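Architecture and fold: a report
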Amino acid sequence: MINGMIGKLNTRELNNKYELIPPVLIFLISTVIYLANGATISSGDTVPSTLLGFNLLENHTLNLDAFRTSHFCSASYGNCYFFVDGINGHLSSTYPIGTAIITFPLYIIFYSYLKLTYYYAGLFNIDLTSVSFDIYRIFFEKLAATIITSITVSIFYLSLRLKFPLTISLISTYIFAFATNTWMTSSQGLWQHGASNLMLVSTIYCLLKANHTSEKSQKRWLLLAGIACGFLPGIRPTSTLYLVAVLIYSVFTYRFQSRFWFFGLVSTLPSILWNLYYFGSLTGGYGKIFHTSPYLFTFNNFITASLGTLISPSRGLIVFSPIVLYSLLGIYQVFKLRFNQDEKLIGSMTIASIFLLGSYCFYIIWWAGHSYGPRFMVDIMPIICYLISYFLANKVSNIIRYKKIPVIKFLVFLVLITFSTLTQMVGAFGANPGVIWNPIPLNIDKYEYQYRLWSLRDSQIERHTQAVIHKIIKPPIEQPAYLQGLSGKIIKITDDNNQPLNYLISVEPGVEKVLKAKLQNTGKSTWFGYESALERGEIRVRCRFYDELSKEVSDLRLYVSGKPRQNEVTEAIASINFPKKVGRYKLVFDLVSEGIGEFPNSTGKPLYELDINVGTQQLTNSQLIPQPIFLQEIKIINNTETIKAGSILRMPIFIKNKSNFIWYNSGRNPTNLSYRWLDASGKLVVADGNRTILPFDVSPGESVAINAVVTVPTIPGEYTLILTMVQETVAWFSDKQSPYPKIDVTVTSDS
């Protein structure tokens, strides 16, 4: 008898060991596939989550003040919308910090690796604000997103195995991992959805374990479920619906035993304390984004948002993952088993998912901004895939009972799961440059261009598919014969109403307008328009603004449509920003193969020109060109009197533009901060100091705070530091009688 018991125990231990193999393989396979595209697909929304861990470890602070004047606050990142000032005066994350908390253990590993790398390179500090650090930040963002998503998929599989056979568990896990936006959202960037799904799936797994274990072990699983569930509101506030569902389920199922679940909710404290400390409210930085409710409870918005969320060609859940339709049949199976503990749990989560889906049907920005496919719907994917498991279990049961496989139904299922996988695959591998579908040719985040979300032509799936095809079959865009065969003409330029633009037009300063160009391909080479998703080699109309001094102000593009062959006519379109400064400009149009070169042009003349009058009053050619006034106001926050020779200073200063022109931070003649050093006799020893680039364009009257980077002379002595703005290749403000600060400094050889 004893030998028999030992044999059973050994068999059970062996089975337990084998049970660990599938989730480990699932984790490894998911990780490899998620990383295979070699791209990170995210946006400015994820920036705080990628910096908070590094900032705490390197700068030993939770405040994000160091990034106030960094490149993150430039126009390319949307002017720091993801950072916000807290009530305590410190810079904080606009978005919840739950994702940063969940991924912090990973960032400890990433930081340790970076520290070792920097140490062996002879460097001791990591400058998180530098542009060069972005390479590491983006790489580790992708790696962190992939790891937590792969862990989620593995836990999802383990939770299914508590209820379903191996085959059904593997099929449902495959659907969750590769046939939904789990792949294209959660695994590609640190959106809130990935961490939220990790905690949601962990909660369900713990509760299912609690349902199938002893009372003693049940307490532990309830505690773990509470910890996982407690993180949900601090990761993604809308996931609070799941917390409410679990609360109701736990109380009614476990009654007094549910107190252990409540003990686990201590995990809510970090996010609550953060929001109270920085914002004085539970809503956190979201209150800074949404000055009014992000929901619009009208019938028209409900119809638009609900249909868009479900069937929009470029955002619809059913379009991108039609396999989810089988979850509807799964709901029926759960309802039939609703008196069982497990089905009560899944039923409660299903109801929460329905409420969550319903909330997005009234959401104003239902398309989820810059993303691929139905990003918001990732939040309900775990529940949908649990429901699909119930559908599959019922079908397998019927097949066993009737000993007959319904061939047509099986083929339909196979087609839907294949299509759902392919949409994710082309999204991942066509992500670069396919991800620029959102703003090109017109930004869908603007109400007037949202018709693109409903267009069957050039949908997001089609654009990404084109990108994948052209990665496999390279077009001849760089062959000499192709380049020599490029030729075209611009027939006319019109506005958004198709009204031709005359030689001289007037606009308001900084206005944004849609311009269209009617073009003809007069060469032998076929053009590749924006739908081809080539980016490099696409044919575009280049638009360049020149001011009265014939200096280039901006370089913009109109995006050519289609694949016109010789003598065919097509159109180019884009929304462009006109100069902010009042004056006369010339807008010059020509054709380029993007990233490769200009069209051959024997005449040397532009293909099309417009004279632009920017200002509220008409200007005439007889009017004088206003002379630039070089005026600045520079205030030093912390004065420095004694410093080490050869060191590099980072001086916090405030700068105000008191000139009569915009200080551009890029372009042909940007305006930067620089400095000069004088020795004790007043002799100039450093005439041309390093440049500190402005974080964004500064208009007249505007101010900006920056950290001036100054290299100290290497020879000890008494010096005078002069801080001044300089418009590159034009003038130093200090040479134009503009006031500037002079700081007396003692340079020593001591540390």
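Everything that follows concerns the structure shown earlier in this document.
Anyway, here's the lowdown on the structure attached to this text. (Residues numbered from 1 in each chain as written. Predicted model: local features only at pLDDT ≥ 70, side-chain atom pairs only at ≥ 80, totals over all residues. Heavy atoms only, no water.)

We now examine the environment of W366. Relative to the assigned elements, W366 resides in the loop between α17 (341-360) and α18 (381-402). Using a relative accessible area of 7% as the deciding quantity, one classes W366 as buried. Spatially, the C-alpha atoms of W366 and P652 are 41 Å apart, while their sequence positions differ by 286 residues. In contact with W366, not counting residues within four places along its chain, are T304, A305, G308, T309, S312, R315, Y360, F376, L453 and W454. (Helix = DSSP H or I, 4+ residues; strand = E, 2+ residues; numbered from the N terminus. Buried < 20%, exposed > 50% of the residue type's maximum accessible area, 1.4 Å probe, protein only. Contact = heavy atoms within 4.5 Å.)

Attention now moves to unusual backbone geometry. Trans is the prevailing form of peptide bonds, just as negative phi is the prevailing case for residues other than glycine. Cis peptide bonds are those with omega within 30 degrees of zero, and the linkage from I440 to P441 qualifies with 10°. A positive phi is found at D458, a non-glycine position, where the angle reads about 55°. Turning to its location among the elements, D458 is positioned in the loop between α20 (431-434) and α21 (460-472).

On to the state of the cysteines. By definition, a disulfide links the sulfur atoms of two cysteines through a covalent bond. Counted under the stated rule, the structure contains one disulfide. Bridging C73 to C80, the disulfide has an S-S length of 1.8 Å. The S-S bond linking C73 to C80 shows a torsion near -85°; that makes this disulfide left-handed. Free cysteine C385: the closest other cysteine sulfur is in C361, separated by 19 Å. (Disulfide = S-S within 2.5 Å.)

Okay, helix α8 (residues 192-211) next. For α8, which comprises 20 residues, the first-to-last C-alpha distance of 29 Å matches the rise-based estimate of 28 Å (1.5 Å per residue) to within 8%. Most of α8 is tucked away: 19 of the 20 residues are buried. (Expected span 1.5 Å × (residues − 1).)

This next bit is on the pairing of strand β4 (residues 504-507). Here β4 shows one buried face, formed by I505 and V507, and one open face, formed by L504 and S506. Sheet topology note: the β4/strand β11 (residues 608-614) ladder contains four bridges and is parallel. When the bridges of β11 are listed, V507 appears paired with V614. (Pairing = 2+ DSSP bridges.)

Turning our attention to the packing of helix α10 (residues 240-254) against α17. A pair of packed helices is characterised by two quantities: the angle between their axes and the separation of those axes. One can describe the packing of α10 onto α17 by two numbers: an axis separation of 9 Å at closest approach and a directional angle of 155°. One element, α10, and the other, α17, form an angle in the roughly antiparallel class. Every pair of crossing elements has a handedness; the one defined by α10 and α17 is right-handed. On α17, the residues that touch L241, Y242, A245, V246, Y249 and T253 of α10 are Q341, K344, L345, S348, M349, A352, S353, F355 and L356. Its residues assigned to classes, the contact of α10 with α17 comprises 10 nonpolar, four polar and one charged. (Axes fitted to C-alpha atoms, helices over the stretch in contact; angles between N-to-C directions. Parallel < 35°, antiparallel > 145°, perpendicular 65-115°, else oblique. Left-handed = near helix turned anticlockwise from the far one by under 90°. Nonpolar A, V, L, I, M, F, W, Y, C, P; charged D, E, K, R; others polar.)

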